[in-house]
Amino acid sequence: MKNVHIVFSYDGSSFLGYQIQNEARTVQYELIKAIEKINGEKTKVDASGRTDRGVHAIEQHAVFKSNRNMLEEDFKKALNGLLPEDIYVKDVIFEDDDFHPRFSVKDKTYLYKIN
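Residues numbered from 1 in each chain as written. Predicted model: local features only at pLDDT ≥ 70, side-chain atom pairs only at ≥ 80, totals over all residues. Heavy atoms only, no water.

*Asks:* So, the sheet that holds strand β2 (residues 46-47): which residues are in play, and what are the values?
*Replies:* Judged by pairing direction, the sheet is antiparallel, and its 4 strands sit side by side in the order β2-β3-β1-β4 without closing on themselves. Unpaired on one side and paired on the other, β2 and β4 (87-95) mark the two borders of the sheet. When strand β1 (residues 2-10) meets strand β3 (residues 57-66), the two strands line up antiparallel, connected through 8 bridges. Each bridged residue has a counterpart across the sheet, and for Ile6 the counterpart in β3 is Ala62. (Pairing = 2+ DSSP bridges. Helix = DSSP H or I, 4+ residues; strand = E, 2+ residues; numbered from the N terminus.)

*Asks:* Kindly report on helix α1 (residues 27-39), identifying the contributing residues and their values.
*Replies:* The end-to-end C-alpha distance of α1 is 18 Å, a good match for the 18 Å that 13 residues give at a rise of 1.5 Å each. Taken together, the buried positions of α1 are Val27, Gln28, Glu30, Leu31, Ile32, Ala34, Ile35, Ile38 and Asn39. Its buried side turned inward, α1 meets β1, β3, α2 (72-82) and β4. Capping the start of α1 is the job of one residue whose side-chain oxygen sits 3.1 Å from the backbone nitrogen of Tyr29: Thr26. A positive phi of about 75° marks Gly40, the residue just after α1. (Expected span 1.5 Å × (residues − 1). Buried < 20%, exposed > 50% of the residue type's maximum accessible area, 1.4 Å probe, protein only. Contact = heavy atoms within 4.5 Å. Polar contact = N/O pair within 3.5 Å; in protein donor to acceptor, adjacent residues only side chain to side chain.)

*Asks:* Let's hear about the packing of aromatic side chains: which residues, and what values?
*Replies:* When we look at a pair of aromatic rings, we describe it by the centre distance and by the angle of the planes. Scanning the model with the defined rule gives 4 aromatic pairs in all. With a centroid separation of 6.3 Å and an interplanar angle of 80°, the aromatic rings of Tyr10 and Phe15 are classed as edge-to-face. Classification of Tyr10 by relative accessible area gives buried; the value is 4%. Taking 5.9 Å as the distance between ring centres and 85° as the angle between the ring planes, the aromatic pair formed by Phe75 and Phe94 counts as edge-to-face. Here Phe75, found in helix α2, pairs with Phe94, found in strand β4; they are 19 residues apart in sequence, far enough to count as distant. Here Phe94 falls in the partly exposed class, since its relative accessible area comes to 29%. An aromatic cluster is present here, built from Phe8, Tyr10 and Phe15 joined pairwise through their rings. (Phe/Tyr/Trp six-rings, centres within 6.5 Å; stacked < 30°, edge-to-face > 60°.)

*Asks:* An account of the pattern of salt bridges is requested, with residue identities and associated values reported.
*Replies:* A side chain of one charge can pair with a side chain of the opposite charge when the charged atoms of the two come close. For the structure on display, the rule yields 5 salt bridges. The salt bridge involving Lys33 is made with Glu30; its shortest N-O contact spans 3.4 Å. Pair noted here: Lys33 and Glu30 are both in helix α1, with a separation of 3 residues, about one helical turn. We classify Lys33 as partly exposed; its relative accessible area is 38%. Owing to a relative accessible area of 10%, Glu30 belongs among the buried residues under this scheme. In this structure, the salt-bridge partner of Asp97 is Lys65, at a minimum N-O distance of 3.7 Å. Taken together, the residues Asp97 in the segment after β4 and Lys65 in strand β3 connect sequence positions 32 residues apart. Residue classification places Asp97 among the exposed positions, given a relative accessible area of 61%. Residues joined by salt bridges that share partners form a network here, namely Arg25, Glu30, Lys33 and Asp86. (Salt bridge = Lys/Arg side-chain N within 4 Å of Asp/Glu carboxyl O.)

Written out as structure tokens, the structure reads:
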């Protein structure tokens, strides 16, 4: 089983945040829906953090497990083909089993722009 690390960005304008919520459009819901189409089974997705309603991400990280025999570039193409236009996978990296996007992080940067 592969530990698939994705680096992605999103325009949070039409999302009610990152984390899944009942009957709400969220980034995590859209990711899981696309990943489960590729994996063909229920899949858990762990992210480096969460964002609130309307918040954008330039470089968010998440990881999931997959048995699919695909190259990193093929995962990226498949995900971008299934995800809505307001989420874009920038990179896919196969990681060791002990990698976790929240606990393996060395630093985080937050940029606040308020009009």
